[in-house]
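Summary of the model geometry
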Protein chains: 2
Amino acid sequence: MRRKRLSPEAYKDGIVKQDRAVLGRAITLIESTLPSDRAIADDLIQACMPFTGKSFRLGISGVPGVGKSTFIDSFGSLLVERGIRVAVLAIDPSSQQSKGSILGDKTRMNRLSHHPLAFIRPSPTSGTLGGVASKTRESLLLCEAAGFDVIIVETVGVGQSETAVRDMVDFFLLLMLPNAGDELQGIKKGIMEMADSIAINKSDGNFLPKAREAKATYAQALRLFARKESEWTPKVLLSSALEGKGMDEIWSMLTSYREKLEKNGYWEAQRRFQMRTWFEDSIKQSLLDIFYKEVQAEGKLEEIYEQINTSQISPIQAARSLIETWRNS
Amino acid sequence: MRRKRLSPEAYKDGIVKQDRAVLGRAITLIESTLPSDRAIADDLIQACMPFTGKSFRLGISGVPGVGKSTFIDSFGSLLVERGIRVAVLAIDPSSQQSKGSILGDKTRMNRLSHHPLAFIRPSPTSGTLGGVASKTRESLLLCEAAGFDVIIVETVGVGQSETAVRDMVDFFLLLMLPNAGDELQGIKKGIMEMADSIAINKSDGNFLPKAREAKATYAQALRLFARKESEWTPKVLLSSALEGKGMDEIWSMLTSYREKLEKNGYWEAQRRFQMRTWFEDSIKQSLLDIFYKEVQAEGKLEEIYEQINTSQISPIQAARSLIETWRNS
């Protein structure tokens, strides 16, 4: 059964007052595919805009098995114990298939999920990458308006979702396993290139010698990439969720990253660029939605397809003339 | 110095009469970025449409070093010697960087390039993947109108260009090297999945035992993919450009592929689907071009970006309102 919707203002008030129940319901609203919900959601985001922008947006990625959930549990716990409010979102376009994945099961972030300063939200359970990414972006803003200091966006899907996350966070942390050789081949070069730093997770016990080797290997691999526009030099660190190792160091790194980038202007520049990309994505989506809805309603599309199929008209010509007709009607 | 342009009709007449010089100039026209050339090109393609559709469109891909050029030289020579007219196009979004790459140097298809029944066209030397793909698609139609029986589209870039080629050909042949182990990791699973068949190139001399092993490995790997909608079972063959080995077998395979698919309807279905994708791409491109050109002319865009940057408006709301303003003006 669907719960009653609030007004955009009521959602906004609850969120700004840091009411977690309202925040949770607001994210549910955002994830809804009902057009009526969409209209409320758009207004809600608009209302929350003045309260956004202050958090540290942290993307965390890595192949399945690298230990993302336990890492986030451990790292997030360090933060909340210091009074830093942490929200965790996941982007998982494939979660329809992989039921019960990472965040679906909150118990995998056992410590963090019970802390009053933490908010963990499982990934929306369906949709294309574009759709899921857009909803995660919106949820992130709501969490920000709700006063969370650090918002972690975890990728669950492998491959394209990293790019989607990179486009919405300030810092992209890539988790790797100590067996560097195997991994260098499993992870795409492009994903390593996006990383602002690499943490070699599970760097504990017997894995430690391997982890140190891996650190050297990755440090060398990172040096091959072009210098980042942010002027930030990616680092490679060792971490262990099991032993809580490296968490402090990672938080220090993030703090100095923010300081450096706020000083050189890239912090703001990157966010402006991300908002612009989001705007352009929205334009594309909305324009196409409107266009196809209207030409379909007029039954123009089938006729055009028929002409294309029988080689009466080239696809380019067909597109040009259909757009012209649409604009004149 | 730019040569004088012909009228769309004059280009079309030359092409249909199989005048290779006119075909070459027409492709140059298509590759031009001048708006005035674009208008002629659109009309030219429209005029050529009734003469298209009869060729076998063959995509050939493989990692650098697999021997694509020598393979095409050898395979194409077999065809032209039988009186089959062959055109070779390349899709290479990155050719700005990799000057002198594959088709830029026609001498790498030494036999084929001198044959009167062959037409080899280097890749356009600049542009994004989308842009290059669209021009290659158009060039393909012109070659078809010029009566070529087999049109080979070679990918030069690695990664995304395979998808672009798959979207415009009837059959996608993936070339591999005999060292299967190394290669299976280098080539993405998604690209193997797109393949209608695999040819293990350089299957000669000392490589032969390795090549036979590779054949078994790939055959097994292919069996793991879902059955193709075309009901075609991908094959693995051995080939050697050096010895001319396997070329005959590949041509027989392509012939029986066409027969089978023409019978079960997938040949036509796939082409219809490709034209539809092309149409949708054109719609997206044209709509966005028109939109941005007009809102930019009215100076609306800078204002909106300013509002987004200062968090006065959400990107979604901004998109919605800008589209509304645009539609009402």
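Quick note: structure is the one above.
Some words on the relation of the copies chain B and chain A
When chain B is brought onto chain A, the operation consists of a screw motion whose angular component is 179° and whose axial shift is 0.0 Å, with 0.1 Å RMSD remaining. Interpreted geometrically, this transformation is the action of a two-fold axis. Comparing interface residues between copies, 100% of those in chain B also lie at the interface in chain A; the contact surface is shared.

A word on the interface of chain B and chain A
Each side of the interface is counted separately: chain B has 46 residues, and chain A has 46 residues. Summed over both partners, the interface of chain B with chain A buries about 4,200 Å², with 65% contributed by carbon and sulfur atoms. Counting the surface chain B buries against chain A, the share from its top three residues, F279, L287 and I316 of chain B, is 15%. One can count 6 salt bridges joining chain B with chain A. As a salt-bridge pair, R320 of chain B and D42 of chain A come within 3.1 Å of each other at their nearest N and O atoms.

Section: the sheet that holds strand 1 (residues 56-61) of chain A
All names here are of chain A. With parallel pairing, the 7 strands of this open sheet are ordered in space as 3-2-4-1-5-6-7. Edge positions in the sheet fall to strand 3 (118-120) and strand 7 (235-238), since each has one partner strand and no second. Ignoring which end each strand starts from, the neighbouring axes of this sheet average 20° apart. Both strand 6 (residues 197-200) and strand 7 contribute to a ladder of 4 bridges, which runs parallel.

Considering the sheet that holds strand 5 (residues 171-176) of chain B
All names here are of chain B. Read from one edge to the other, the open sheet built from 7 strands follows the order 3-2-4-1-5-6-7, with strand pairing classed as parallel. Each end of this open sheet is capped by a strand with a single partner; those strands are strand 3 (118-120) and strand 7 (235-238). Geometrically, the sheet is characterised by an average inter-axis angle of 20° between neighbouring strands, direction not taken into account.

So, the environment of S240 of chain A
Residues and elements named next belong to chain A. If you trace the backbone, S240 turns up in the loop between strand 7 and helix 11 (247-264). Judged by relative accessible area, which is 0%, S240 ranks as buried. As a C-alpha pair, S240 and N179 span 61 residues in sequence and 14 Å in three-dimensional space. Discounting residues that sit within four places of it in the chain, S240 has contacts with N201, K202, S203, D204, K245 and M247.

About the thresholds
- Residues numbered from 1 in each chain as written.
- Chains lettered and ligands numbered in written order.
- Predicted model: local features only at pLDDT ≥ 70, side-chain atom pairs only at ≥ 80, totals over all residues.
- Heavy atoms only, no water.
- Least-squares fit on C-alpha atoms with pLDDT ≥ 70 in both.
- Contact = heavy atoms within 4.5 Å.
- Buried area = accessible area lost by both parts, 1.4 Å probe.
- Salt bridge = Lys/Arg side-chain N within 4 Å of Asp/Glu carboxyl O.
- Pairing = 2+ DSSP bridges.
- Helix = DSSP H or I, 4+ residues; strand = E, 2+ residues; numbered from the N terminus.
- Axes fitted to C-alpha atoms, helices over the stretch in contact; angles between N-to-C directions.
- Buried < 20%, exposed > 50% of the residue type's maximum accessible area, 1.4 Å probe, protein only.

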